[in-house]
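Chains, contacts and geometry: an overview
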Amino acid sequence: MPISEFQLIQQYFKAGAAAALARPNSPVRCGIGDDCAVLALPAGDELLVSVDTLVETVHFPKNYPADLLARRALAVCVSDLAACGATPLGFTLALTLPSVDELWLADFASALASVAAEYDISLVGGDTTRGPLCLSMQVMGSAPTGAAILRSGAQPGDLVFVSGQLGDARAALNYLEKDEAQLSVAEQTLLTRYHAPVPRLALGQKLRGLATAAVDVSDGLAADLSHILSASGVAAVLAVERLPLSAAITETDPARAVEFALSGGDDYELCFTAPAAYREQLHAISLELNLAITEVGYIEAGAGLTCFAADGSVHMPVAGYQHF
């Protein structure tokens, strides 16, 4: 007899939600099982909300492993909270399935519970329905009133920074369909960056009061920085030779490493702007978190993004982001 929606939720998702309720100081007062979840917003904080949808063959490959999909889907959504300097509270999941595969569901639910615990965020509700494989996740977080980092605060004279390294996830698309046993160490490193992005929550929270604007790098540095420029009404200049590139990408595809870093997407690093006076504080944060923070350009009056190569020529980013 086919499993019902109620049974599916009870069997695969409610147990993890119940565990979250039992955690000390959990913000979840009421989770899965009611018409609405109830979250306790910390005193003096504002609520931050974001939603992302991932569709099979658009945002992830067909027959993508359930455990990798769970980890990747939640990380992508939580990254939006990181960009705003938020502390995670809870998330909802609307899951569309072509059919009920209980082995797939078990792998998915187990991985989802594991990664949610890593980010200290609780599944508090959602919906299931039948159709092409699709996930919509809404994440909720909090930040002190007025402290959320938005895209609209960049000012002329600010510097542009990025965390981590760029381009690896785009480079990994070349290896998604290959047997991992036949891949080099560098190629496997790139695949890990695609399968398991790491939302920079700790960095985002430490940037409150320092960064004037921020965005997570989902569609490529050029495109995502341009969102800041548009929202802030300013222009930016980037130095291409400063882009932080990994040893893996320079080994596997050196000719396109810069292209991937500027236009590739799926890195889920943070791009942010901050006054030059905060250079030393940002260096200290980099050491504390053991996370590279690289100065790649600056903000100026005007509009648009200009990228300069090391020889002084203008470098034009490749238009159009390929998910996979």
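Data block above holds the structure.
Residues numbered from 1 in each chain as written. Predicted model: local features only at pLDDT ≥ 70, side-chain atom pairs only at ≥ 80, totals over all residues. Heavy atoms only, no water.

Here we come to the sheet that holds strand β7 (residues 159–163). Working definition: the strands of a sheet are paired by backbone hydrogen bonds and lie parallel or antiparallel to each other. Read across the sheet, 7 strands follow the order β8-β10-β7-β11-β9-β12-β13 without closing on themselves; strand pairing throughout is mixed. If you trace the sheet from one side to the other, it starts and ends with β8 (213–216) and β13 (314–315), each paired once. As judged from the 4 bridges shared by β8 and strand β10 (residues 270–274), these two strands associate in the antiparallel manner. Residue pairing in the sheet places aspartate 216 in a bridge with leucine 270 of β10. Against the sheet, helix α11 (residues 279–289) touches β7, β10 and β11 (293–300), its axis set at about 150° to β11. (Pairing = 2+ DSSP bridges. Helix = DSSP H or I, 4+ residues; strand = E, 2+ residues; numbered from the N terminus. Contact = heavy atoms within 4.5 Å. Axes fitted to C-alpha atoms, helices over the stretch in contact; angles between N-to-C directions.)

Per the counting criterion, the structure on display carries 11 salt bridges. Here lysine 62 ties to glutamate 56 by a salt bridge, and the two come within 3.8 Å at their closest N and O atoms. A residue is classified by how much of its surface remains accessible, and lysine 62, at 56% relative accessible area, is exposed. One salt bridge in this structure joins arginine 71 and glutamate 118, with 2.6 Å as the shortest N-O distance. Placement of arginine 71 in helix α3 (residues 66–83) and of glutamate 118 in helix α4 (residues 102–119) is noted, with a sequence separation of 47 residues between them. Its relative accessible area of 21% is what places arginine 71 among the partly exposed residues. Overlapping salt bridges, with partners in common, bring together Asp168, Arg193, Arg200, Asp267 and Glu269 in one network. (Salt bridge = Lys/Arg side-chain N within 4 Å of Asp/Glu carboxyl O. Buried < 20%, exposed > 50% of the residue type's maximum accessible area, 1.4 Å probe, protein only.)

If you check α3, its first and last C-alpha atoms are 26 Å apart, about what 18 residues at 1.5 Å a residue would give, namely 26 Å. A positive backbone phi angle near 75° is found at glycine 85, which sits one or two residues after α3. (Expected span 1.5 Å × (residues − 1).)

In terms of nonpolar packing, the biggest core is built from 69 residues, with Phe13, Leu74 and Phe108 touching the most fellow members. When residues of this core are assigned to their parent elements, the largest contribution, 11 residues, is made by α3. If sequence neighbours within four positions are ignored, phenylalanine 108 has contacts with Phe13, Ala66, Leu69, Ala70, Leu93 and Leu135. Val160, Leu221, Leu243 and Ile299 belong to the second largest nonpolar core, which has 22 residues in total. (Core = buried A, V, L, I, M, F, W, Y, C linked by side-chain atoms within 4.5 Å.)

A few words on the sheet that holds strand β4 (residues 87–97). Strand order in the open sheet formed by 4 strands is β3-β6-β4-β5, and the pairing between neighbours is mixed. Both outer strands of the open sheet, β3 (45–55) and β5 (122–130), are each paired with one neighbouring strand and no more. Each neighbouring strand pair of the sheet contributes to a mean axis angle of 15°, computed without reference to strand direction. Summarising the sheet, β3 and strand β6 (residues 134–144) pair through 11 bridges and their orientation is antiparallel. Paired with leucine 54 across the two strands is leucine 135, which belongs to β6.

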